[in-house]
Every structure is written in structure tokens, then in C-alpha cells.
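These are the residues of each chain, in order.
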Amino acid sequence: MDPVFEKLNPVPAVERPDLMAESTFQALELIPQAQVFEIDPELSETESVCQTFDLPHDIMGNAVLVMGKREGEVRQCCCMSLANRRVDVNGFVRKQLNVRKASFAPMELAVESSGMEYGAITPVGLSSDWPVWIDESLRDVPWLIVGSGVRHGKLIVPGASLLNLPGVQLMEGLTSPVSVD
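Please read all numbers here as calculations on a predicted model, not as lab measurements. (Residues numbered from 1 in each chain as written. Predicted model: local features only at pLDDT ≥ 70, side-chain atom pairs only at ≥ 80, totals over all residues. Heavy atoms only, no water.)

Undergrad: What is the right way to look at the pairing of strand β2 (residues 35–38) in this model?
TA: Put simply, side chains in a regular strand alternate between the two faces of the sheet. Across two bridges, strand β1 (residues 11–12) lies against β2 in antiparallel orientation. Bridge pairing in β2 places Val-11 opposite Val-36. As paired strands, β2 and strand β9 (residues 153–157) are joined by four bridges and run antiparallel to one another. When the sheet's bridge partners are listed, Val-36 is paired in β9 with Leu-155. (Pairing = 2+ DSSP bridges. Helix = DSSP H or I, 4+ residues; strand = E, 2+ residues; numbered from the N terminus.)

Shown next as C-alpha cells:
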């Protein structure tokens with residue numbers, strides 16, 4: 001693992017179930033090399049993690065739950081991207097979901113349907129009700145920080161390992177680069 005992660009004091013994720021949502025812990029068999037570290041819940045947002053630990057945005061993964069309706073049918077997905085990329089919700093995702101308007105899932109619905117805390121949602125252990133779309137850029141990241149389902153923990157996983165999760169699709173064109181200072 002890259003030395004940049006040493007300051008986070010990660011441990012094998014299977015040793016600290018208290019730092020993950022129950023469903024995330026149960027999904028670890030699919031990513032056995034996962035590490036976890038404890039974090040102040042007030043600092044769990046991506047930007048705070050990067051600033052506090054002097055980490056680059058290109059090792060931070062963000063999951064967003066997106067939904068829309070078509071003829072009364074709710075269509076939804078979890079979009080996973082790097083922090084230095086933006087999910088194209090109004091273009092790519094809307095077209096792939098085949099809805100007129102796509103938007104982020106409301107906080108209460110996201111929390112209830114995922115069983116995870118807002119700001120800590122992760123594709124690791126996410127309900128099969130949420131197909132997971134992984135941006136192509138994640139595949140090549142050797143180690144990636146993602147949510148653990150609770151705000152007081154973060155997972156460190158190989159980027160390509162996310163492709164081992166059920167319901168995951170690698171999506172080319174899901175995101176575009178953003179300028180992150």
C-alpha cells in the first residue's frame with residue numbers, strides 16, 4: 001500500500017466491524033484486501049479528509065445515489081467517481097436511466113434505502129435495489145478511499161476491486177474532470 005495511507009493508521013477491515021455499516025462489513029468477503037481507518041465524523045466529507053490529511057483528490061472515491069421517474073416507474077443507480085471528477089447526472093445518467101430528469105436521491109430516502117449514514121454511502125454492501133455504476137477512472141487507481149457506510153470510518157480498497165461487487169457496471173463517459181484546488 002502507498003505510504004500516503006500510513007498516516008491514516010489503517011487496519012484490515014475485518015478487524016474493525018465497528019467502523020462500517022453492517023451491510024458493508026458483510027460484503028468484505030468480496031474485497032478481502034480492504035483496510036479501514038477511524039475518522040472524526042465531522043471530518044468525513046471528501047474535502048475535509050483531503051485537507052486534514054493532505055491527501056490528493058485522485059485517491060478519494062465519491063458515491064452518489066441518483067434517481068428519476070419514467071411513466072411512474074422509479075429508476076435509480078449509485079454512481080461512483082473520483083473526487084476530481086463530476087458525475088454527469090443531467091446528461092449521461094439521465095439518458096442511461098431513460099428518464100426526463102435525474103437528480104440526487106433525497107437525503108432521507110438515501111439513508112433509509114441504503115442502510116448507511118448520509119455522507120458515508122458506499123457501493124460496498126449497498127442494496128441490490130441500487131445498481132452501481134463505476135466510472136472507468138476508478139479501475140486504475142491502486143488504492144482508493146471510499147465510505148464505509150458510517151461517518152466515523154473510511155475504507156481503503158483497490159480501485160479495481162469495486163468491480164467484484166454485485167450489480168456493478170463499468171461506465172465509460174459517466175464523469176468528466178473538474179478543477180479541484
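Undergrad: Any chance you could explain helix α3 (residues 89–97) here in plain terms?
TA: Count 3.6 residues to each turn of an α-helix, and residues three or four apart come out pointing the same way. Within α3, burial applies to Val-89, Gly-91, Phe-92, Val-93 and Leu-97. Looking at the buried residues of α3, the elements they touch are β3 (61–70), β4 (73–82), β5 (85–87), β6 (102–104), β7 (132–135) and β10 (168–171). Capping the start of α3, Asp-88 holds a side-chain oxygen 3.0 Å from the backbone nitrogen of Gly-91, two or three residues further along. (Buried < 20%, exposed > 50% of the residue type's maximum accessible area, 1.4 Å probe, protein only. Contact = heavy atoms within 4.5 Å. Polar contact = N/O pair within 3.5 Å; in protein donor to acceptor, adjacent residues only side chain to side chain.)

Undergrad: Would you mind going over the environment of Leu-126 with me for this structure?
TA: By secondary structure assignment, the location of Leu-126 is in the loop between α4 (107–114) and β7. Overall, Leu-126 belongs to the buried group, its relative accessible area being 12%. Placed 109 residues apart in sequence, Leu-126 and Pro-17 show a C-alpha to C-alpha distance of 16 Å. Filtering out sequence-adjacent residues up to four positions away, Leu-126 remains in contact with Leu-65, Cys-78, Ser-114, Met-116, Ile-121 and Val-132.

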